[in-house]
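A look at the structure
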Amino acid sequence: MSMRTILQNSLCTHCAHVREIVSGKGSRFLMCTRGLTDSRFAKYPHQPIASCVGYVETKTSLPEEHSRNANSSLPFSSNPVD
């Protein structure tokens, strides 16, 4: 599955709690800000996320460059919250 497909199918791309983090080397990460204060949420959830009790829809989404770069490195560290 391509990175573009994964991100298009993830709730995170349209969630008010997501923050895109770019490392000094250009690697991109999706951080769930709920994970900073609530242990039920992974700070860097596996993608794609199909359901999440913390999801809050927003009209904005991640920048298109994220979905265009299918070779970007997106390490995620724990399971999605259902």
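The text that follows walks through the structure, step by step, so that each part is easy to find. These numbers come from a predicted model, not from an experiment.

So, the environment of Leu36
Residue position: Leu36 is located in the loop between strand E2 (28–32) and helix H2 (64–68). Leu36 has contacts with Met31 and Lys43, leaving out every residue within four places of it along the chain.

What to know about unusual backbone geometry
For the bond from Gln47 to Pro48, the omega torsion is 0°, close enough to zero to count as cis. Topologically, Pro48 is positioned in the loop between E2 and H2.

Some thoughts on the pattern of salt bridges
Within this structure, the stated rule accounts for three salt bridges. Between Glu20 and Arg28 there is a salt bridge; the shortest N-O distance is 3.3 Å. Looking at Arg28, the relative accessible area reads 12%, which means it is buried. A salt bridge links Asp38 to Arg40; the nearest nitrogen and oxygen atoms lie 2.8 Å apart. For Asp38, a relative accessible area of 17% puts it in the buried group. Several salt bridges share partner residues, and in doing so they unite Arg34, Asp38 and Arg40 into one network.

Details of the side chain of Arg28
Looking at the secondary structure, you find Arg28 in strand E2. Polar side-chain contacts of Arg28 include one of 3.3 Å to the side chain of Glu20.

Rules used throughout
- All residue numbers refer to positions counted from 1 along the written sequence of the respective chain.
- Local features in a predicted model are, by the rule used here, given only for residues with pLDDT of at least 70; side-chain atom pairs are given and counted only at 80 or more, and totals for whole chains, interfaces and linings are based on all residues.
- Excluding hydrogens and water, the side-chain figures rest on all heavy atoms present in the structure.
- Strands here mean DSSP runs of E at least two residues long; helices mean DSSP runs of H or I at least four residues long; both are numbered from the N terminus.
- Residues count as neighbours in contact if any of their non-hydrogen atoms are within 4.5 Å of one another.
- Every case where a carboxyl oxygen of Asp or Glu lies within 4 Å of a side-chain nitrogen of Lys or Arg is listed as a salt bridge.
- Type-normalised accessible area, obtained with a 1.4 Å probe on protein chains alone, sets the label of each residue: buried when under 20%, exposed when over 50%, and partly exposed for intermediate values.
- The term polar contact refers here to a pair of N or O atoms within 3.5 Å; inside protein, the definition further demands a hydrogen-donor-capable atom paired with an acceptor-capable atom, and it admits residues adjacent in sequence only when both atoms are side-chain atoms.

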